[in-house]
Amino acid sequence: MKNSRREFIVQSSLGAGALLAAPLVAQANPRVSFSQSNVGDTLKVALIGCGGRGTGAIIQALSTKENIQLVAMADAFKDRLDDCYKSVMNSRAKDTSAKAVQVNQKVNVPEDHKFVGFDGYKQAMALADVVILTTPPGFRPYHFEEAVRLGKQIFMEKPVATDPAGIQRVLAAAKIAKEKKLNVVVGLQRHYQNSYRDLMKRVQDGQIGDVVSASCWWNNDGVWVKPRKEGQTEMEYQMRNWYYFNWICGDHITEQHIHNIDVINWAKNGYPVRARGTGGREVRKGKEYGEIFDHHIVEFEYADGTILNSQCRHIPGTWTKVDEHLIGTKGKVLFDSAKILDLKGNVNYAFDKKTKENNPYQTEHDELWATVAAGEYKFADAENGAYSTMTSILGRMATYSGQIIEWDKAINSGINIAPSRFAWDADMPLKPDANGLYPVAVPGKTKYF
């Protein structure tokens, strides 16, 4: 007998208690079809994290063809939740068939379904079938654990953690999500982009031979700064200016450059065994920039000896590049220009970006929601999301320390950089000195082991 989408959702949720107590055994083949949907069912979604990415993600979700309703929202800050709600209610969008979508007609969030504070996510999740996790990444492991515990279908943004302890929490929850057959899509959207899918299939089919070297970049001017305001506690300031604190952001090698690093992991079908590199603060030296570096240059080494040369930089006025290249024994791949070259530089293949490229941010939602609506289980992105996030953390540890950092030692280190509790008056692990400056890693002096 076929299950309706509602039965699929309910059965996934009811299995929570038993599976949390059961051995964590991964599914050998997670792509198992369950059922078709009943047309009349409405899928309820909760948005956890109402900043810019959360606003974009929920609009993309509500722009799909499926019968969806936003029923709950949660954020630490009321102003951010209110701004998001206003943006969603005023948005206009089109689905994949270019049909206009009245996004606000898919919204039913009364005031008592708007939750503000550190624990609001628990109340919001309880009201939904599907959750969208788009807070800054330092909170992701806790939110993902709760969503899995409740048996929810999940979209979560990258990165999925900021330290090895967080990675282990995500990996443990990912195993349970597989057991419960919960769809999990992670916002590493290149996996949902037509040109990347096409080129990667050609790589995996052997068109460029064995991958022996790789390079990737995220070099640009940088991002916003949120100045400190009078009366803010240290917790509030760090959360408002979250990009510049590692417990909540992970540094830009983790928050942004993960996209490029993940592409190389995808091509190698694996993860590095060690990293070595250099980095520092060349221009971002003021107190408003917290503790993060403005450049990282890392060599990641894979088990077969392949080296990934990785660069990310936030320095205004310098050359920019966001791209990934592969070199194989038979040819090369240039992902941004979507071309495959022979070893002499001649173009052997070019993906038609003008007519065949898609919006991967929309596609990841289109595919997730269509799958959930059909009562199927197809997506298990959490483990790769965790390992690619760990790759970026490995790089950060290498640049901060100036040492060679081994994967196994780092991922099993238990290093936890989060505050001991989440509260506005929490004693923060990183505090400014009398001049407002924060401690910054010093290669050669900063130690992990």
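Structural data are supplied above this passage.
Keep in mind that this is a model prediction, so the values were computed, not measured.

*Asks:* Even after reading the chapter, I still don't get empty space enclosed by the protein, so can you show me in this structure?
*Replies:* Leftover empty space is mapped by rolling, across the atoms, a probe with the size of a water molecule. In total, this model carries 2 cavities of 30 Å³ or more according to the counting rule given. What the largest cavity holds in volume is close to 150 Å³. Lining the largest cavity we find 15 residues, and of these Asp 75, Ala 76, Gly 117, Thr 135 and His 143 sit closest to its centre. Those elements that provide at least two residues to the lining of the largest cavity are strand E2 (68–75) and helix H5 (120–126).

*Asks:* How should I be thinking about the sheet that holds strand E5 (residues 114–116) in this particular structure?
*Replies:* Working definition: the strands of a sheet are paired by backbone hydrogen bonds and lie parallel or antiparallel to each other. With parallel pairing, 6 strands are arranged side by side in an open sheet as E5-E2-E1-E6-E7-E8. Of all the strands in the sheet, just E5 and strand E8 (184–186) have a single pairing partner and so form its edges. When the angles between neighbouring strand axes are averaged without regard to direction, this sheet yields 15°. Across 6 bridges, the pairing between strand E1 (residues 43–48) and E2 is parallel. In the strand pairing of E2, Val 45 is matched with Leu 70.

*Asks:* What am I meant to see in the packing of aromatic side chains here?
*Replies:* Pairs of aromatic rings are described using the distance from one ring centre to the other and the angle between the two planes. Inspection of every chain in the model, using the stated rule, returns 22 aromatic pairs. Here Phe 118 and Phe 139 contribute two aromatic rings whose centre-to-centre distance is 6.4 Å and whose plane-to-plane angle is 45°, an arrangement assigned as tilted. Note that Phe 118 is positioned in the loop between E5 and H5 and Phe 139 in the loop between strand E6 (130–133) and helix H6 (140–149), a separation of 21 residues in sequence. A single burial state applies to Phe 118 and to Phe 139, both of which are buried. When the centroid spacing of 5.6 Å and the interplanar angle of 65° are considered together, the rings of Tyr 244 and Tyr 289 count as edge-to-face.

*Asks:* I tried to follow the layout of surface pockets on my own but got confused; where do I start?
*Replies:* What the largest pocket holds in volume is close to 810 Å³. With 4 residues, the single largest contributor to the lining of the largest pocket is helix H4 (residues 78–89). Its residues assigned to classes, the lining of the largest pocket comprises 11 nonpolar, 10 polar and 13 charged.

*Asks:* Help me out: how do you make sense of H6 in this one?
*Replies:* For an α-helix, the turn length of 3.6 residues means that residues three or four places apart are oriented alike. Among the 10 residues that make up H6, 7 are buried, leaving the element largely enclosed by the rest of the structure. Listing the buried residues of H6 in full gives Arg 140, Pro 141, His 143, Phe 144, Glu 146, Ala 147 and Val 148. Gly 151 lies just past H6 and shows a positive phi near 75°.

*Asks:* Would you mind showing me how to read the packing of helix H3 (residues 52–62) against helix H13 (residues 360–373) here?
*Replies:* Each pair of packed helices can be described by the angle between their axes along with the distance between the axes. With their axes 9 Å apart at the nearest point, H3 and H13 run at an angle of 50° to one another. Comparing the axis directions of H3 and H13 gives the class oblique. In the packing of H3 onto H13, the handedness of the crossing is right-handed. Listed contacts from H13 to Ala 57, Gln 60 and Ala 61 of H3 are Tyr 361, Gln 362, His 365 and Trp 369. Residue composition of the contact of H3 with H13, grouped by class: 4 nonpolar, 3 polar and no charged.

*Asks:* Sorry if this is basic, but what is going on with the packing of H6 against helix H7 (residues 164–179) here?
*Replies:* Packing of H6 against H7 brings their axes to within 9 Å, and their N-to-C directions diverge by 15°. Viewed along their axes, H6 and H7 adopt a mutual orientation that is roughly parallel. Relative to H7, the crossing made by H6 is left-handed. On the side of H6, the interface is formed by Pro 141, Tyr 142, Phe 144, Glu 145 and Val 148, while H7 contributes Gly 166, Arg 169, Val 170, Ala 173, Ala 174, Ile 176 and Ala 177. Classifying every residue of the contact of H6 with H7 gives 9 nonpolar, 1 polar and 2 charged.

*Asks:* Before we go on, may I ask you to explain helix H14 (residues 382–401) in this structure?
*Replies:* Along its 20 residues, H14 runs 28 Å from first to last C-alpha, staying within 8% of the 28 Å computed at 1.5 Å per residue. Of all 20 residues that make up H14, 17 are buried, and the element is covered over most of its length. Positive backbone phi, approximately 75°, marks Gly 402, located one or two places after H14.

About the cut-offs
Residues numbered from 1 in each chain as written. Predicted model: local features only at pLDDT ≥ 70, side-chain atom pairs only at ≥ 80, totals over all residues. Heavy atoms only, no water. 1 Å grid on protein atoms, 1.4 Å probe; cavity = no way out; pocket = protein on both sides within 12 Å on 5 of 7 lines; lining within 4 Å. Points joined across faces, edges and corners; volume = space filled by probe spheres on them. Helix = DSSP H or I, 4+ residues; strand = E, 2+ residues; numbered from the N terminus. Pairing = 2+ DSSP bridges. Axes fitted to C-alpha atoms, helices over the stretch in contact; angles between N-to-C directions. Phe/Tyr/Trp six-rings, centres within 6.5 Å; stacked < 30°, edge-to-face > 60°. Buried < 20%, exposed > 50% of the residue type's maximum accessible area, 1.4 Å probe, protein only. Nonpolar A, V, L, I, M, F, W, Y, C, P; charged D, E, K, R; others polar. Parallel < 35°, antiparallel > 145°, perpendicular 65-115°, else oblique. Left-handed = near helix turned anticlockwise from the far one by under 90°. Contact = heavy atoms within 4.5 Å. Expected span 1.5 Å × (residues − 1).

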